Amino acid sequence: MAGARGAFGSRFGFILAAAGSAVGLGNIWGFPTKVGQGGGALFVLIYLICVVMICAPIMIAELAVGRRSGKDPVGAFTAIKPGSSWWLAGALGVMAGVGILSFYSVIAGWTIGYIYFAASGALTGDSAATSAFFGEFVGNAPLSIGLTFVVLAITAGTLMGGVKQGIERMTKTLMPMLLVLMVLLVVRAVTLPGAGAGLSYYLNPDFSKLSFRMFNTALGQAFFSLSLGMGAMITYGSYLAKSENMTRAAMWVVLVDTLVALMAGFIIFPAGFTLAGFDPTSTGPGLIFVVLPQLFATIPGGQLVGVAFFVMLTMAAITSTISLLEVPTAHLIDSHGWNRRKAVLVLAGLTFLLAVPSALSQGASPFWSNLPGVGMDFLSLMAIVWNDFALPIGGFLLAIFVGHVWRVDQALDELNQGGTMPAAGVWSFLIQWVCPAAIGLIIFFTFKDLLS
Ligand code: PHE
């Protein structure tokens, strides 16, 4: 069953692919940006609590649903609970795949642009110069749209070759190189003279900043970074052999993803405070594109380091865009009988149309850059709708489904194939009670806050 749809070559191959999906712009671009906007170390702390208590159990649950059903997210809910309306939870995920990819591909396009700028030496100068450069770049409509198109074309091209060949190959070389480069950058950043201020912002929580909105942002960021809440892990689980120990695989993915995000913070904050005059109240999507070039400039051979970094960041983003597009693709193939080629092309085209307003929203078009009545740009709106609401709601529904509809004993039956699951009791408790209650409360109070 799963084999015919393209299975993973080995356990290592699966962990690589799932880690490839998880590690991406969410970790290196999103996490520092959110920490920078959301109160530093306190945000980091809440983020880590969300990862451990809510997201890790949901990752395991998604994999179990995927492997048991062998289906795309919509088909998976139906396969386990035929005749119910639960497929709607899968449908939300399919839509989130397109929605997230639409703004994600714009930012991935920026990273491609920065490969060129790093190589050409355009990224020199002080804070004011690098941020002016960034502003001009993202405000250039044809360039932004063109680069977004390139990202989607690469993604579609890779996906047409099937899941296994495309992703395993790319991640195998990328992940170790990215980790090594990031360790070097951490060392450079924390040894800058005056790095202490940035480290203190990153590590000393200021509890007076606590708010429900911060919980919501941290939760959304954790779902986004771990590729959860939209069925990406259901889909990847559906390609997984019965002999795999899914709990172990999930733990590895969570660990690697969290380490990469934390490392990104150890790079951005010391460097941001010392080199870029970092202002926590006014950071935006340009944060890493403004801070990192200044960090590279302090390193001998910095131009090369910059090129290598943006190449790897682009590759990390592409292994994530692949998984984003694979969810709706698997849906059209499994539930509607489309062939892979047609599914990929139609979905990539649709995503591109939705991406254009995001590409125009960073200065190119006054309308999309400041939506009337909304008070923000289209890209930020997309990020909030999908990351902060759609993904946690998807996770909430999945936790209820696995904990109370499919039921934990059935799920454990699946999870125990390929090795007895460790701490099964803890997982059962978290997925049945903690995940739904915590997500439900956070979403409820965030809505209440927003409406009042
Ligand atoms: N986790 C990816 C990242 O951090 C983004 C992503 C979200 C991928 C949801 C798939 C599903 O960049």
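Structure: see above.
Scope of this entry: the structure provided in the associated data block. Keep in mind that this is a model prediction, so the values were computed, not measured. (Residues numbered from 1 in each chain as written. Predicted model: local features only at pLDDT ≥ 70, side-chain atom pairs only at ≥ 80, totals over all residues. Heavy atoms only, no water.)

With that settled, the discussion passes to the overall build of the protein chain. Scanning the protein chain from N- to C-terminus turns up 18 helices and zero strands. Relative to the 2.2 N^0.38 estimate, which gives 22 Å for 452 residues, the radius of gyration of the protein chain is 21 Å and therefore close to what a compact globule would have. Projected onto the principal axes, the alpha-carbon positions of the protein chain cover approximately 60 × 50 × 45 Å. Put simply, the protein chain has 452 residues, and 58% of those count as buried. Taking contacts inside the protein chain between residues at least 6 apart in sequence as the whole, the part at least 24 apart equals 83%. Looking at the protein chain as shown, the accessible area adds up to about 16300 Å², and 70% of this sits on carbon and sulfur atoms. Across the protein chain, the 20 positively charged side chains and the 17 negatively charged ones have centroids separated by 9 Å. (Helix = DSSP H or I, 4+ residues; strand = E, 2+ residues; numbered from the N terminus. Rg over C-alpha atoms; globule rule 2.2 N^0.38 Å. Buried < 20%, exposed > 50% of the residue type's maximum accessible area, 1.4 Å probe, protein only. Contact = heavy atoms within 4.5 Å. Areas by Shrake-Rupley, 256 points an atom, 1.4 Å probe, with all protein chains shown as cover. Lys, Arg positive; Asp, Glu negative; His and termini not counted. Charge placed at Lys NZ, Arg CZ, Asp CG, Glu CD.)

Enumeration according to the criterion identifies two cavities of 30 Å³ or more in this entry. By volume, the largest cavity is sized at about 120 Å³. Only α1 (11–22), α5 (87–120), α10 (212–225) and α14 (302–336) provide two or more residues apiece to the lining of the largest cavity. In this structure, the second largest cavity is lined by 13 residues; those nearest its centre are Phe77, Gly229, Gly231, Ile234 and Gly394. Its residues assigned to classes, the lining of the second largest cavity shows six nonpolar, six polar and one charged. (1 Å grid on protein atoms, 1.4 Å probe; cavity = no way out; pocket = protein on both sides within 12 Å on 5 of 7 lines; lining within 4 Å. Points joined across faces, edges and corners; volume = space filled by probe spheres on them. Nonpolar A, V, L, I, M, F, W, Y, C, P; charged D, E, K, R; others polar.)

So, on to the site of the ligand. For the ligand, the set of nearby residues contains 14 residues, the closest of which are Ala22, Gly26, Tyr104, Phe224 and Ser227. Ser21 is positioned such that a nitrogen or oxygen atom in its backbone is 3.2 Å from a nitrogen atom of the ligand. Leu25 has a polar backbone atom sitting 3.1 Å from an oxygen atom of the ligand. Structurally, the ligand is housed in the largest cavity. Going through the elements one at a time, α1, α2 (25–37), α10 and α14 are the ones with two or more residues in the shell around the ligand. Split by residue class, the shell around the ligand holds six nonpolar, eight polar and no charged. (Near = heavy atom within 4 Å. Polar contact = N/O pair within 3.5 Å; in protein donor to acceptor, adjacent residues only side chain to side chain. Sits in = over half its atoms within 2 Å of the grid points.)

Glancing now at the pattern of salt bridges. All chains considered together, the criterion is met by seven salt bridges. Of the charged contacts in the structure, one is a salt bridge between Asp413 and Arg68, with a shortest N-O distance of 3.1 Å. You can see Asp413 sitting in helix α17 (residues 378–415) and its partner Arg68 sitting in helix α3 (residues 40–69), a full 345 residues away along the chain. The class of Asp413 is partly exposed, set by a relative accessible area of 43%. With a closest N to O distance of 3.5 Å, Asp206 and Lys209 form a salt bridge. With a relative accessible area of 43%, Lys209 lands in the partly exposed category. Connected via shared salt-bridge partners are Arg67, Arg68, Lys242, Asp413 and Glu414. (Salt bridge = Lys/Arg side-chain N within 4 Å of Asp/Glu carboxyl O.)

Below, the discussion takes up the packing of aromatic side chains. This structure, assessed with the given rule, holds 36 aromatic pairs. Centre to centre, the rings of Tyr201 and Phe278 are 5.8 Å apart; their planes meet at 65 degrees, and the pair counts as edge-to-face. Of this pair, Tyr201 sits in helix α9 (residues 196–203) while Phe278 sits in the loop between α12 (246–275) and α13 (287–296), and the two are 77 residues apart along the sequence. Taken as a pair, Tyr201 and Phe278 share a single burial class, namely buried. Members of the aromatic cluster, connected to one another through ring pairs, are Trp110, Tyr114, Tyr116, Phe117, Phe133, Phe134, Phe137, Phe289, Phe296, Phe309 and Phe310. The side chain of Lys342 reaches across the aromatic face of Trp338, ending 4.2 Å from its centre. (Phe/Tyr/Trp six-rings, centres within 6.5 Å; stacked < 30°, edge-to-face > 60°. Lys NZ or Arg CZ within 6 Å of the ring centre and 35° of its normal.)

This part takes up unusual backbone geometry. Despite not being glycine, Ser227 has its phi angle at roughly 60 degrees, a positive value. Structurally, the position occupied by Ser227 is in the loop between α10 and α11 (232–237). The backbone of Ala423 shows a phi angle near 50 degrees, a positive value even though the residue is not glycine. Locating Ala423 in the fold gives a position in the loop between α17 and α18 (424–451).

So, about the layout of surface pockets. Roughly 510 Å³ of volume is contained in the largest pocket. Taken together, 24 residues make up the lining of the largest pocket; nearest its centre are Thr33, Lys34, Gln37, Thr217 and Ile384. Secondary-structure elements contributing two or more residues to the lining of the largest pocket are α2, α10 and α17. Among the elements that line the lining of the largest pocket, the one with the most residues is α17, at six residues. Together, 16 residues line the second largest pocket, and Ser131, Ser282, Thr283, Leu287 and Val290 are the ones closest to its centre. Of all the secondary-structure elements, those providing two or more residues to the lining of the second largest pocket are α6 (127–138) and α13. No other element matches the four residues that α6 contributes to the lining of the second largest pocket. Taken together, the residues of the lining of the second largest pocket break down into seven nonpolar, eight polar and one charged.

The subject of this paragraph is a nonpolar patch on the surface. Nonpolar side chains collect at one region of the surface, where Leu45, Ile49, Val52, Met53 and Phe207 lie side by side and expose about 470 Å² of accessible area between them. Tracing the chain through its elements places Ile49 in helix α3. Judged by relative accessible area, Ile49 falls into the partly exposed class, the value being 49%. (Patch = residues over 30% accessible without salt bridge, like charges linked within 9 Å, V, L, I, M, F, W, Y side chains within 5 Å.)

Turning to its location among the elements, Pro422 is positioned in the loop between α17 and α18. Residue classification places Pro422 among the partly exposed residues on the basis of a relative accessible area of 47%. Spatially, the C-alpha atoms of Pro422 and Thr155 are 36 Å apart, while their sequence positions differ by 267 residues.

Across the interface, α14 lies against helix α15 (residues 340–360) with an axial gap of 9 Å and an inter-helix angle of 135 degrees. In terms of their interaxial angle, α14 and α15 are classed as oblique. The two elements α14 and α15 cross, and the hand of that crossing is right-handed. Here Leu325, Glu326, Pro328, Thr329, Leu332 and Ile333 of α14 come into contact with α15, specifically with Arg340, Ala343, Val344, Leu347, Ala348 and Thr351. The residue makeup of the contact of α14 with α15, split by class, is eight nonpolar, two polar and two charged. (Axes fitted to C-alpha atoms, helices over the stretch in contact; angles between N-to-C directions. Parallel < 35°, antiparallel > 145°, perpendicular 65-115°, else oblique. Left-handed = near helix turned anticlockwise from the far one by under 90°.)

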